Structure formats: structure tokens, C-alpha cells
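Overview (structure and organization)
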Amino acid sequence: MSRLTQGITIEEFEQLPHALAFNHELVDGELVDVSGNTLGHNRFREYLIRLLSEWVIKNQLGEVVSEQEYDFDGNAHGPDVTFFRTEKMPLANDKLRVQRFVPDLAIEIVSKNDTFEKLIEKAHPYRKCGTKEVWIFSIDSREAYVYSPEGPAILDEDALFQSSLIPGFSIRIGDLFDRL
Amino acid sequence: MPLVSPLTIDDFERLPDALALNRELVDGELVDVSGNTGQHNALRDLLIALLLFYVKEHKLGKVISEQEYDFDGNAYGPDVTFFRTEKMILANGKLRVQRFVPDLAIEIVSANDTFEKLIEKAHRYRKCGTQGVWIFSIDSREAYVYSPEGRVILDENALFQSSLIPGFSIRIGDLFDRL
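Now for a description of the structure that goes with this document. (Residues numbered from 1 in each chain as written. Chains lettered and ligands numbered in written order. Predicted model: local features only at pLDDT ≥ 70, side-chain atom pairs only at ≥ 80, totals over all residues. Heavy atoms only, no water.)

Describing the nonpolar core
Grouped together as the largest cluster of nonpolar side chains are 36 residues, with contacts concentrated most on Tyr145 of chain A together with Tyr144 of chain B. Taken together, the elements giving at least two residues each to this core come down to β4 (69-72), α4 (116-128), β9 (133-138) and β10 (143-147) of chain A together with β4 (68-71), α4 (115-127), β9 (132-137) and β10 (142-147) of chain B. Look past the residues within four positions of Tyr145 of chain A in its chain and what remains in contact with it is Val134, Trp135, Ile136, Ala153 and Ile154 of chain A together with Phe115, Ile119, Tyr144, Tyr146 and Ile153 of chain B. Ranked by size, the runner-up nonpolar core spans 29 residues in total, among them Val63, Ile138, Leu164 and Ile170 of chain B. (Core = buried A, V, L, I, M, F, W, Y, C linked by side-chain atoms within 4.5 Å. Buried < 20%, exposed > 50% of the residue type's maximum accessible area, 1.4 Å probe, protein only. Helix = DSSP H or I, 4+ residues; strand = E, 2+ residues; numbered from the N terminus. Contact = heavy atoms within 4.5 Å.)

Things to note about the interface of chain B and chain A
Across the contact, 22 residues belong to chain B and 23 residues belong to chain A. When chain B packs against chain A, the two sides together hide about 1900 Å² of surface, and 60% of this comes from carbon and sulfur. Inspection of the chain B/chain A interface yields 2 salt bridges. Glu116 of chain B is paired through a salt bridge with Lys112 of chain A; the nearest N and O atoms lie 3.7 Å apart. Across the contact surface, chain B and chain A share 7 residue pairs in polar contact (both at pLDDT 80 or more). Among the secondary structure elements, those contributing two or more residues to the side of chain B that touches chain A are α4, β9, β10 and β11 (150-154) of chain B. In terms of residue count, the dominant contributor to the side of chain B that touches chain A is α4 of chain B (5 residues). Across the side of chain B that touches chain A, the residue classes tally to 11 nonpolar, 6 polar and 5 charged. (Buried area = accessible area lost by both parts, 1.4 Å probe. Salt bridge = Lys/Arg side-chain N within 4 Å of Asp/Glu carboxyl O. Polar contact = N/O pair within 3.5 Å; in protein donor to acceptor, adjacent residues only side chain to side chain. Nonpolar A, V, L, I, M, F, W, Y, C, P; charged D, E, K, R; others polar.)

Some points on the pattern of salt bridges
Counted under the stated rule, the structure contains 28 salt bridges over all chains. Its salt-bridge partner being Asp104 of chain A, residue Lys88 of chain A comes within 3.1 Å of it at the nearest N-O pair. Remark: Asp104 of chain A occurs in the loop between β7 (98-99) and β8 (105-109) and Lys88 of chain A occurs in the loop between β6 (81-85) and β7; sequence separation between them is 16 residues. The class for Asp104 of chain A is buried, based on a relative accessible area of 1%. Note that Asp103 of chain B and Arg84 of chain B form a salt bridge whose closest N and O atoms lie 3.2 Å from each other. Here Asp103 of chain B is found in the loop between β7 (97-98) and β8 (104-108), whereas its partner Arg84 of chain B is found in strand β6 (residues 80-84), with 19 residues between them in sequence. The buried category is assigned to Asp103 of chain B, whose relative accessible area is 1%. You can call Arg84 of chain B partly exposed: its relative accessible area is 27%.

So this is what it looks like as C-alpha cells:
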């Protein structure tokens with residue numbers, strides 16, 4: 001899908017001054033604004049980070065990180081929350097803005113101005129680039145839209161947020177929203 | 001809902017065309033309906049053509065595009081709607097906003113539809129009594145379906161079919177391929 005003549009590469013994006021790259025993603029060679037997050041959005045993200053980090057660290061499963069950008073086939077996206085397994089840790093480079101691998105699990109939280117197309121358009125390329133599971137949490141509708149090897153699904157608040165990538169971790173989706 | 005004097009469906013009905021055209025009434029306020037692209041219109045018309053023919057032939061009810069209905073005080077006009085023969089008696093040819101809800105509502109994703117607003121519509125339709133809501137995403141070649149059987153995401157190999165329109169069935173990918 002890269003029919004770009006003079007698009008920015010990940011390397012160029014990496015070298016941009018902070019003021020230019022901050023709050024931007026690189027999509028199809030172009031800088032795209034990342035929507036400012038609301039308090040509810042940030043709270044939800046921090047809550048997920050806290051729950052997941054605790055479990056993942058305790059069980060030595062890998063790393064959980066927020067707003068980290070990765071190279072998704074030449075596009076730099078920073079999902080709200082990502083998890084990658086221990087095996088990928090040697091690939092992580094602290095000095096780089098954009099990690100040159102993809103996370104195993106990516107979580108996006110719906111923002112007010114996220115269009116349906118752009119959001120779904122992220123989920124599919126993440127998966128295509130090797131991210132096994134993508135979860136989109138919609139605080140408004142109290143649902144999760146999940147794209148995984150088992151197929152896409154819409155989960156309501158009574159379903160569980162769990163993943164074979166993070167064995168043993170499980171929480172009712174509604175309970176996540178209730179904590180906001 | 002911090003509205004001082006929200007519009008009712010009756011107020012909305014009396015608005016001049018210039019004000020109400022291409023608008024929906026949501027939580028008492030007029031909301032612009034996004035202009036449709038050619039692809040969007042093509043899919044809507046294809047669905048209308050396929051469904052209309054089938055529904056007429058089998059005398060199941062009525063299929064109509066861009067018709068507004070009263071969804072609990074909100075006036076929404078889904079891209080395509082179907083209502084069964086039993087509801088025909090409720091239809092009023094003189095009204096902009098029909099005072100009942102369709103049995104099936106189909107929305108086609110537009111470029112500027114936000115995720116929240118679109119999903120909110122689907123849930124509101126269902127809450128007001130519309131049994132099946134289908135959201136077609138031309139971009140991702142998927143359908144997001146909300147029905148009494150649950151909520152599912154269907155890929156292009158799945159079928160567009162509904163117990164409300166018995167016997168009708170078409171592969172979702174075939175719909176997108178015909179655009």
C-alpha cells in the first residue's frame with residue numbers, strides 16, 4: 001500500500017525535532033496529528049497499564065508500555081497501550097522513538113474525534129504487521145472490539161478482557177469502565 | 001444533556017426544508033449529516049435494489065433509503081431501512097419523521113463518521129426496538145452487526161442475511177465487489 005513518492009521514512013521521522021514529531025504519527029509517509037486525550041481516556045489507559053504491568057512483571061511475561069511508537073511496515077503508530085513478550089525484549093532500543101518491531105498486543109481507546117474508518121484501519125494493519133491481538137475499548141458504549149487470530153468480535157461489558165498472550169490475566173470489561 | 005430548550009420531533013417536523021434537510025435531530029439539537037461519497041451512495045443503492053426486489057416479491061414489508069424515524073425523540077435517517085408489513089399501517093406519507101422505528105437499519109460508514117457517534121446510533125436504534133442494525137465498512141470490507149443474537153463483526157466471506165427477511169442472502173464481499 002505504499003504508493004508514496006516522497007513520503008517520510010521511519011528514519012527521517014526518527015530524526016525530526018521533538019517539536020515536530022511530538023503528538024504525531026507517521027501514516028503513509030505523512031505526519032498525522034494524534035488527537036488530544038480526555039481525562040477519562042487517560043485514566044482508562046493508566047488503569048490498564050497498572051493492571052497489566054503488575055501481572056506481566058509478576059509473571060515475567062514481557063513488558064507493558066503506553067504511547068510507545070512502533071514501526072508498522074513504515075508507519076509509526078503509538079497505540080495507547082502495548083504489550084510485548086519477553087522474547088522481544090532484546091529488540092527494544094531505549095534510544096529510539098520508534099521501535100523497529102511490533103508489539104504482540106495493542107490497545108486503542110476510542111477518542112471523541114477518532115473516525116470509525118481510521119480506527120478500524122489501524123487495527124487491521126497492526127495485525128497484518130504481526131501484532132496478534134488488537135483491542136479497541138469504547139468507553140461510551142462499554143464495549144471492546146477485538147481483532148485476534150480467533151476472528152474479530154464485539155464484546156459487551158459482561159465479557160472478559162483476557163488474552164492467551166497474557167495467561168492468567170482476566171477482568172470483566174464492565175469492571176474496567178466502572179473504575180473510571 | 002445541558003440543553004435549555006431542546007427541539008422535539010414535532011418542532012423538527014415543522015422546520016422549513018432549508019433547515020431540516022441533511023440534518024438529524026440528536027438529543028434535541030440539529031446535527032449535520034455528512035455528505036456521501038459516490039461509493040457510499042453506490043452501496044446504498046445496491047442494497048436498496050437487492051432488498052427492494054426481494055422484499056416486494058415476497059411481500060415482506062417495505063425497504064426505503066434515508067427515511068427518518070423517531071428514535072425516542074431523536075430523528076435519525078439510516079442509509080437503508082426495512083420494516084415489516086405489520087408496520088405499514090403506521091407509515092404516514094405526509095411526515096418527514098415516521099413515528100415508529102424500522103425493524104432493520106443499515107448504516108454505511110462515511111469518512112467523517114466518528115466511531116462513538118456511529119456505535120451510539122446502533123445502540124440507540126436497538127434500544128428503541130429496531131431488531132437488526134448493520135454497519136457496512138467499505139474500507140475494511142466488514143459488517144458490524146447488532147442483533148438479538150448478539151454483536152458480531154463479519155468479514156467479506158460471511159453472509160448478509162437476516163431472520164427479518166427470510167431467504168435473502170448474499171456474500172458480503174460480493175456486495176463490495178459490485179461497487
